[in-house]
Amino acid sequence: MIKKVAILANGGDAPGFNAVIRGIVKTAETNGIECYGFIDGYRGLLKNDFIKLDSATTASGILHKGGSIIGSSTNANVFNYKLEENGQVVYKDLSDICVENIKNDEFDCIFTLGGDGTQKSARDFSLKGVNVIGIPKTIDNDVACTEITFGFNTAVSVAMEAIDRLHTTGETHHRIMVLEVMGRYAGWIALEAAIAGGADIALIPEIPYDINIAAKKIEERKEKGKNFSVVVVAEGAMPKGGTITVENIRDNGAGVDNTKLGGVGDKVAKELQELTGLDARNTTLGYMQRGGTPVAFDRVLSTKYGAKAMELAIEGKFGVLTVIKDGKLNSVPLEDVVGNNKVMGAVSGNTAESNIRKVTRDHDLFKTAKSIGICLGE
Ligand code: F6P
């Protein structure tokens, strides 16, 4: 019988964080279970900083709200935590402090809302005997073993609206309008937004692009009297034989993603302008994709994920991630999600060892894009 549970939200925020929290809290209350929330993700777990969550006060009126009422942390790998000691940067495994906190506070289950890095730590905590249930969050849609993460649909809607707006100004001024979208090392946002917004070209990390092929597509459109084009570029897109464009390398500690992607949109716009002679402009959509209210799809998905996670806890099914499989709510072992990233406390996400889900050629989105003639730069 579980009596007391806690939620933590970790990693970059995604629309739906609060809707998941609400789903967990409400299902907990239906079953007479007390609910708490750690402040700022794993950092709150480390500092034992938490608040009581209930649908009458702290977790009231949050379904539609962007962000996270309990914060989130993008740089807190407690298995390899960056500290300063005597003016020196050192990395320490502080996970045992977290385990102690959970024991002392008598939490029967911890819900971890996050992407691949967060779930990697969740898996590691589960190996240390903690009852953990993960919920797949990220606008990037790149968590393994699930067909969709919460936040993705909202990000695509924001990107689609941006494409619609770029379309009209591009058409008016006979320009190439480039939109750089997020997604890290996966092209889900770019590809789905390109289809939703009717873009002509989509460049995604999974398919290194040939800029000449993209330019050819624009020339062909010009020949048909269309002297404007819309190009969606994923931040992780790279030219054939080239490398990813990095805005900067941060120092947020070991075991977290220190690479800030960005800049490929500008690069692509410049090159396409040179190759086609048409004026080109880049817009980098950035954090607009993450902030603000979730669309209906994400509110429902997040609520489903939250309720399911609480049900799994009641059933005593721990060490799993809630997922959508074949369109239905399900769960899979965290071990499957983390994949070949076996070493406890090792680098959490975004490495060769991490198990992120990428666009594949046999995916419906890829095939649809090809069928309707969206140029993928190949
Ligand atoms: O993972 C979500 C995401 O928004 C990525 O699409 C993007 O590359 C990254 O986070 C930006 O992260 P940060 O918040 O660290 O700038």
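Next up on the list: the site of the ligand. Every residue lining the ligand is accounted for by Ile139, Asp140, Met182, Gly183, Arg184, Glu235, Arg250, Lys260, Tyr287 and Arg290. In the model, an oxygen atom of the ligand is placed 2.9 Å from a nitrogen or oxygen of the arginine 250 side chain. Protein chains shield 84% of the accessible area of the ligand, which is 400 Å² for the free molecule. Of the residues assigned to the shell around the ligand, the class counts are 3 nonpolar, 1 polar and 6 charged.

The subject of this paragraph is the sheet that holds strand S9 (residues 201-203). Read from one edge to the other, the open sheet built from 4 strands follows the order S9-S10-S8-S13, with strand pairing classed as parallel. Each edge of the open sheet carries a strand with a single partner, namely S9 and strand S13 (279-284). Ignoring strand direction, the axes of neighbouring strands in this sheet form an average angle of 20°. Inspection of the sheet shows strand S8 (residues 175-181) paired to strand S10 (residues 229-234) by 6 bridges, in the parallel sense. Note that in S10 the partner of leucine 179 across the bridge is valine 232. Packing of helix H5 (residues 152-173) onto the sheet brings it into contact with S8, S10 and S13, and relative to S8 it is tilted by some 165°.

Before going further, it helps to spend a moment on the domain arrangement of the protein. If you check the domain split of the protein, you get domain 1 (4-150 + 292-338) and domain 2 (156-289 + 361-371). Listed by partner, the interface residues are 14 residues for domain 1 and 14 residues for domain 2. Summing both sides of the interface, domain 1 and domain 2 together bury roughly 1200 Å²; the carbon and sulfur share of this comes to 49%. Here domain 1 is connected to domain 2 by 3 salt bridges. Between arginine 184 and aspartate 116 there is a salt bridge whose closest N-O contact spans 3.0 Å. One can count 4 residue pairs in polar contact (both at pLDDT 80 or more) joining domain 1 with domain 2.

On to the pairing of strand S2 (residues 34-38). Across the 5 residues of S2, 4 count as buried, placing the element largely inside the fold. One ladder, built from 4 bridges, connects strand S1 (residues 4-9) with S2; its direction is parallel. Residue pairing across strands places alanine 6 opposite tyrosine 36, the latter belonging to S2. Strand direction decides the pairing type here: S2 and strand S3 (residues 50-53), joined by 4 bridges, are antiparallel. In the strand pairing of S3, glycine 37 is matched with isoleucine 51.

Rules used throughout
Residues numbered from 1 in each chain as written. Predicted model: local features only at pLDDT ≥ 70, side-chain atom pairs only at ≥ 80, totals over all residues. Heavy atoms only, no water. Near = heavy atom within 4 Å. Polar contact = N/O pair within 3.5 Å; in protein donor to acceptor, adjacent residues only side chain to side chain. Areas by Shrake-Rupley, 256 points an atom, 1.4 Å probe, with all protein chains shown as cover. Nonpolar A, V, L, I, M, F, W, Y, C, P; charged D, E, K, R; others polar. Pairing = 2+ DSSP bridges. Helix = DSSP H or I, 4+ residues; strand = E, 2+ residues; numbered from the N terminus. Axes fitted to C-alpha atoms, helices over the stretch in contact; angles between N-to-C directions. Contact = heavy atoms within 4.5 Å. Domains from an automatic or database assignment. Buried area = accessible area lost by both parts, 1.4 Å probe. Salt bridge = Lys/Arg side-chain N within 4 Å of Asp/Glu carboxyl O. Buried < 20%, exposed > 50% of the residue type's maximum accessible area, 1.4 Å probe, protein only.

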